[in-house]
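Spelled out from the first residue to the last, the chains are:
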Amino acid sequence: MESHGLVIVGGGAAGLATAALLRRAGRDPLVLEAGPEPGAAWRERYDRLHLHTPRLLSGLPNRRIPRRYGRWVSRDDLIAYLADYARAERIEVRTGATVERIDRDGEAWTLVLAGGPLRAETVIIATGYNGAPWIPDWPGRDDFAGELVHSDDYRNPAPYRERDVLVVGAGNSGAEIATDVAEGGAARTRLSVRTPPQIVRRSTAGVPAQLIGMAIRYMPPGWVDPISKTQRKLSIPDLSAQGLVRPEDGVRTAFLATGTTPILDVGIVGAVRRGAVEIVAAVEGFDGADVLLADGSRIAPDAVIVATGFRAGLDALVGHLGVLGPRGLPLKTDGEPALPGLWFVGFRPTLGGQLREGSIAARHVAAAVAAG
């Protein structure tokens, strides 16, 4: 059986950052990436995607994202940066290597792959909390007469031109996809909203929203909601007439309750104001060609794009080890081993930016592993 001292499962940003830091500490990790390239999961996202965090706050340890990629880095430029990062840091990345299960093997671990098992003394799991697309089990869903896809399968609006489209889920992906579909020539675009979303400008007066998210952890808790609610009133127009009411809670309360980040407006506010995107009630089920909504109405879109998020998808991998909480996320992560020799990195939702916070977590994990 092939054997390694240190294996990192997942070649995305957190996995690469951890690998680079461990290499600089004298370790020699092997990174196993299920896709065909480092950061392959980003390739599966929609074409118009740009980071919501500015370039200067999104780079991995020791190497900034090149200035030529602009302030808001595109999906393809980020993938190129991750590949360059792996080469520059001399990280060994084995692509097409899907790990199906991890089991205890004495003092080490056995990783089950399609090509055969692999043994490792230390394993770091960096597959992220968006590993598995999730679609609610709505009544009648499987018999829906129209097209139904998860947002993970959406790339661009071309297939939806001149069609009636319903996007379900008022998070960042849902808001951007609805805007993209409307601007791309859909005959009608509706966005189904269950809970009124928090909305903030991606930047205000040149100040990125990420800086506010970073500052929240240092503010007295009682300040955050009033500040965020005031900021929304000043920067986001009242969309109640269009069906998108302001939530009663502020950003902090909403994040603590749901773990979801605010919508960073890159077009949805304008699209709703001018009627290009119509707001409708939450989806309750399906009936043939109809979608049943929570307000008792029914609509008959040609296509439904479900932007209801992801799950970590760790159950098959490590669920039998007793290391996951009720939401399927690791009980211990980002600096504390889940079990001796088993670590997780980059599994905490954050208001401070996924790439930046993932790099901070990587520093904690790499330091602890190197010290051991």
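Please refer to the structure higher up on the page.
Structural notes, computed from the coordinates. All values reported here derive from a predicted model rather than from experimental measurement.

1. Here's the deal with the packing of aromatic side chains
Enumeration according to the criterion identifies five aromatic pairs in this entry. Summarising the aromatic geometry, the rings of Tyr81 and Tyr85 are spaced 6.0 Å apart at their centres and angled 50° between planes, so their arrangement reads as tilted. Within this pair, Tyr81 and its partner Tyr85 are both found in helix α3 (residues 75-88), separated by four residues, close to a single helical turn. With centroids separated by 5.6 Å and ring planes inclined at 80°, the aromatic side chains of Phe344 and Phe347 adopt a geometry described as edge-to-face. Summarising the burial analysis for this pair, Phe344 and Phe347 share the class buried. Ring pairs connect the aromatic residues Trp138, Phe144 and Phe286, which therefore count as one cluster.

2. Overview of the sheet that holds strand β8 (residues 147-150)
Taken in spatial order, the five strands make up an open sheet running β8-β19-β9-β10-β15, and their pairing is parallel. Only two strands of the sheet have a single neighbouring strand rather than two, namely β8 and β15 (278-280). Neighbouring strand axes in the sheet, compared pairwise and without regard to direction, differ in orientation by 25° on average. Direction of pairing for strand β9 (residues 164-168) relative to strand β19 (residues 303-306): parallel, over a ladder of four bridges. Bridge pairing in β19 links Val168 to Val306.

Thresholds, definitions, all that
Residues numbered from 1 in each chain as written. Predicted model: local features only at pLDDT ≥ 70, side-chain atom pairs only at ≥ 80, totals over all residues. Heavy atoms only, no water. Phe/Tyr/Trp six-rings, centres within 6.5 Å; stacked < 30°, edge-to-face > 60°. Helix = DSSP H or I, 4+ residues; strand = E, 2+ residues; numbered from the N terminus. Buried < 20%, exposed > 50% of the residue type's maximum accessible area, 1.4 Å probe, protein only. Pairing = 2+ DSSP bridges. Axes fitted to C-alpha atoms, helices over the stretch in contact; angles between N-to-C directions.

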